[in-house]
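# Examining the three-dimensional arrangement
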Amino acid sequence: VGSELKELTMPPKRPRESTFPTGRIKKIMQQDEEVGKVAKAAPVLISKCLEMLIGDLVKSASKVCKSKNAATVNVNHLREAVAKEQTFDFLQEVVGKFVPTNESDDKVVGSDQEDDNSSDSSSDSDDEGKPSVQGRGRGRGAARGG
């Protein structure tokens, strides 16, 4: 009986409060000179709002993708979704800068295809003879330091 009472009175454990890094959200908020202190719950709420915004954007892009009888959502579907929905008007400028206008420029996320022209030939690198190593960071076990 004691354990049953304890189960009834204890609040359920909360699932992970936020999907996006709240520390990073707080830093972005504090970059604005008008923002003073930030309550602990504020970045969590913004994280949830971001999650909902992304969900809506993906649903809209998915509808565009289905209307085109395509199997993969690509950046052109995102561009069209942003253009169709008034809710996403604030994204127009970003989409215009980052979304390629040519469908052949669009890559499938996680595809095994490599673009031979992906290396930046205009870089002023002294490593001309060395193979280019591109990745997503130092990786696990990489030593810290210079």
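Coordinates for the structure precede this section.
Conventions we followed
Once a new chain begins, its residue numbering starts again from 1 and follows that chain's sequence as written. Local features in this predicted model are restricted to residues whose pLDDT is 70 or higher, and side-chain atom pairs enter the listing and the counts only when it is 80 or higher, whereas totals over whole chains, interfaces and linings include all residues. Only hydrogens and water are set aside when side-chain values are computed; all heavy atoms of the structure are taken into account. Salt bridge criterion: a side-chain nitrogen from Lys or Arg within 4 Å of a carboxyl oxygen from Asp or Glu. Labels follow the DSSP assignment, with helices taken as runs of H or I lasting at least four residues and strands as runs of E lasting at least two, numbered in each case from the N terminus. Patch membership is restricted to residues that have no salt bridge and whose relative accessible area is over 30%. Joining uses 9 Å for like charges and 5 Å for the nonpolar side chains Val, Leu, Ile, Met, Phe, Trp and Tyr. For the accessible areas, the method is Shrake-Rupley and the probe is 1.4 Å, while residue cover comes only from the protein chains on display. Accessible area is worked out with a 1.4 Å probe on protein chains only. A residue is then buried under 20% of its type maximum, exposed over 50%, and partly exposed in between. Each axis is a line fitted through C-alpha atoms, taken for helices only over the stretch in contact, and angles between the N-to-C directions span 0 to 180 degrees. By the definition adopted for this analysis, an angle is roughly parallel if under 35 degrees, roughly antiparallel if over 145, roughly perpendicular if from 65 to 115, and oblique otherwise. In what follows, a contact means two residues having at least one pair of non-hydrogen atoms within 4.5 Å.

### Let's talk about the pattern of salt bridges
- The tally for this structure, following the rule as stated, stands at three salt bridges.
- Glutamate 80 is the salt-bridge partner of lysine 68, the closest N and O atoms lying 3.2 Å from each other. Of the two residues, lysine 68 sits in the loop between α3 (41–67) and α4 (75–84) while glutamate 80 sits in helix α4, which places them twelve residues apart along the sequence.
- The structure contains a network of salt bridges with shared partners spanning Lys68, Glu80 and Lys84.

### So, a nonpolar patch on the surface
- A cluster of nonpolar side chains, namely Ile46, Leu50, Ile54 and Val58, defines an oily patch on the protein surface of about 280 Å² accessible area.
- As for its position among the elements, isoleucine 46 is in helix α3.
- In this structure isoleucine 46 comes out as partly exposed when scored by relative accessible area, which is 31%.

### Side note on the packing of helix α2 (residues 22–30) against α3
- Running from N to C, α2 and α3 cross one another at 105°; their axes reach a closest spacing of 9 Å. Comparing their axes, α3 and α2 come out roughly perpendicular. Across from Thr22, Ile25, Lys26 and Met29 in α2, the residues of α3 making contact are Ala42, Pro43, Val44, Ile46, Ser47 and Leu50.

Nothing here speaks to function; it is geometry throughout.
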